[in-house]
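Inside the fold
Residue strings, one per chain:
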Amino acid sequence: QVQLVESGGGSVQAGGSLRLTCVASGLSVGWYAMAWLRQGTGKEREFVGIIDIDGGATAYGESVKGRFTISREVAKNTVSLEMNNLRPEDTAVYYCARHKTIWSRMTLVADDYTDWGQGTQVTVSS
């Protein structure tokens, strides 16, 4: 059974930092491109960061580029998202997901990702 569980969300003031963790079971995070996505109230779901298979190249949404960093720890079977200089616009539920196809290079299409976790709430106040 594949399961992804997100944790680390919370409430912070603008300018603060937070680290989210996705713990995987039933698969190895080294076999798939892994993604963090988010959805704010009344907004569309959007990519936050993606880490590719093999060498682990990364891609980020324009609004978080330079502030967020995605990383993978295969030995712990986890994917993390370090968020710095948080803004109120970052308020959302953050989800972890894997690419549908094993050993596929990362893509930038949300529908290509599956086994979404339950999400973790991040709230940034001004």
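So, a few notes on the structure that sits alongside this text. What you are looking at is a predicted structure, and each value in this text was computed from that prediction instead of being measured.

**Brief notes about the side chain of Arg-38**
Turning to its location among the elements, Arg-38 is positioned in strand β4 (residues 34-39). Note on Arg-38: relative accessible area 4%, which makes it buried. A polar atom in the side chain of Arg-38 sits 2.7 Å from the side chain of Glu-46. Within polar-contact distance, the side chain of Arg-38 engages the side chain of Ser-63 at 3.2 Å. Discounting residues that sit within four places of it in the chain, Arg-38 has contacts with Glu-44, Arg-45, Glu-46, Val-48, Ser-63, Val-64, Phe-68, Glu-89, Asp-90, Ala-92, Val-93 and Tyr-94.

**Here's the deal with unusual backbone geometry**
A positive phi is found at Asn-77, a non-glycine position, where the angle reads about 55°. As for its placement among the helices and strands, Asn-77 is situated in the loop between β7 (68-73) and β8 (78-83). A positive phi is found at Asn-85, a non-glycine position, where the angle reads about 50°.

**Structural notes on the sheet that holds strand β3 (residues 18-25)**
Taken in spatial order, the 4 strands of this open sheet run β1-β3-β8-β7, and their pairing is antiparallel. Two strands bound the open sheet, and with one partner strand each, they are β1 (3-7) and β7. Taken over all neighbouring pairs, the strand axes of this sheet differ in orientation by 15° on average, direction set aside.

Quick notes on the rules
- Residues numbered from 1 in each chain as written.
- Predicted model: local features only at pLDDT ≥ 70, side-chain atom pairs only at ≥ 80, totals over all residues.
- Heavy atoms only, no water.
- Helix = DSSP H or I, 4+ residues; strand = E, 2+ residues; numbered from the N terminus.
- Buried < 20%, exposed > 50% of the residue type's maximum accessible area, 1.4 Å probe, protein only.
- Polar contact = N/O pair within 3.5 Å; in protein donor to acceptor, adjacent residues only side chain to side chain.
- Contact = heavy atoms within 4.5 Å.
- Pairing = 2+ DSSP bridges.
- Axes fitted to C-alpha atoms, helices over the stretch in contact; angles between N-to-C directions.

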